[in-house]
Amino acid sequence: QVKLVESGGGLVQAGGSLRLSCAASGSIGSIGSMGWYRQAPGEQRELVATRTSSGTTNYADSVKGRFTISRDNAKNTVYLEMNALKSEDTAVYYCNVKGLRSGLAFPFDSWGQGTQVTVAS
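Residues numbered from 1 in each chain as written. Predicted model: local features only at pLDDT ≥ 70, side-chain atom pairs only at ≥ 80, totals over all residues. Heavy atoms only, no water.

### Details of the state of the cysteines
Applying the stated criterion across every chain yields a total of one disulfide. The disulfide partner of Cys-22 is Cys-95, and the gap between their sulfur atoms is 2.1 Å. In this structure the cystine formed by Cys-22 and Cys-95 twists about its S-S bond by roughly -85°; its chirality is therefore left-handed. With a gap of 73 residues between them, Cys-22 in strand β3 (residues 18–26) and Cys-95 in strand β9 (residues 91–101) connect regions that are remote in the sequence. The two residues Cys-22 and Cys-95 agree in class, both being buried. (Disulfide = S-S within 2.5 Å. Helix = DSSP H or I, 4+ residues; strand = E, 2+ residues; numbered from the N terminus. Buried < 20%, exposed > 50% of the residue type's maximum accessible area, 1.4 Å probe, protein only.)

This is the structure in structure tokens:
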């Protein structure tokens, strides 16, 4: 019932930048946290960055100083600005949003479809 649509992935040269976006829609009452995860071939899914409604952010050590997560609360959209990209950043990136549904306010935990980020070396 809460749908996430990701965009912004693609092919980029090492050292370049990409901006991912994830728009949530549906029966959203409130959003508690939004975040990005990634999974490289043959690897476990890992947390990239999260941001709570209070503004607290958390980044994986491997992306600190290079990636920035932000939210547009009015649009229920989360962004991931990725700079100084490395080949190690190549992965499928998944958006995650947690919150409460409208009405009866049941919790939800939704995932995007994934967007491929490929950094060419």
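Having seen it, we continue.
### Considerations on the nonpolar core
Soluble, globular proteins show a tendency: their nonpolar side chains are buried together. Residues Trp-36, Val-48, Phe-67, Leu-80, Met-82 and Tyr-93 are the most contacted members of the largest nonpolar core, which totals 29 residues. Elements with a contribution of two residues or more to this core: β1 (2–7), β3, β4 (28–39), β5 (46–52), β7 (67–72), β8 (77–82), β9 and β11 (115–120). (Core = buried A, V, L, I, M, F, W, Y, C linked by side-chain atoms within 4.5 Å.)

### Notes on the packing of aromatic side chains
Under the criterion given, the structure shown has one aromatic pair. Ring centres of Tyr-37 and Trp-111 lie 5.1 Å apart, and the angle between their planes is 55°; this geometry places the pair in the tilted category. Of this pair, Tyr-37 sits in strand β4 while Trp-111 is found in strand β10 (residues 107–111), placing the two residues 74 residues apart along the sequence. Since its relative accessible area comes to 33%, Trp-111 is described here as partly exposed. Positioned above the aromatic ring of Tyr-79 is the side chain of Arg-19, whose terminal nitrogen or guanidinium carbon lies 4.2 Å from the ring centre. Sitting over the ring of Tyr-37, Arg-45 keeps its end group 5.2 Å from the ring centre. (Phe/Tyr/Trp six-rings, centres within 6.5 Å; stacked < 30°, edge-to-face > 60°. Lys NZ or Arg CZ within 6 Å of the ring centre and 35° of its normal.)

### Notes on the side chain of Thr-50
By the secondary structure assignment, Thr-50 is in strand β5. The residues contacting Thr-50, other than those within four sequence positions of it, are Met-34, Gly-35, Tyr-37, Thr-56, Thr-57, Asn-58 and Ile-69. (Contact = heavy atoms within 4.5 Å.)

### Remarks on the sheet that holds β1
Spatially, the four strands line up as an open sheet ordered β1-β3-β8-β7, and their pairing is antiparallel. Two strands in the sheet have a free side with no partner beyond their single neighbour: β1 and β7. Across the sheet, the mean angle separating the axes of adjacent strands is 15° when strand polarity is ignored. Note: β7 against β8, six bridges, orientation antiparallel. Bridge assignment links Asp-72 to a residue of β8, and that residue is Thr-77. (Pairing = 2+ DSSP bridges. Axes fitted to C-alpha atoms, helices over the stretch in contact; angles between N-to-C directions.)

### Focus: the pairing of β4
Of the pairings in the sheet, the one linking β4 to β9 comprises ten bridges and is antiparallel in character. Across the sheet, Met-34 pairs through a bridge with Val-97, a residue of β9. Here β4 pairs with β5 via six bridges, running antiparallel. By the bridge assignment for β5, Ser-33 is matched with Thr-52. Where β4 folds back on β5, the antiparallel hairpin that results is connected by six residues, among which Gly-42 adopts a positive phi of roughly 75°.

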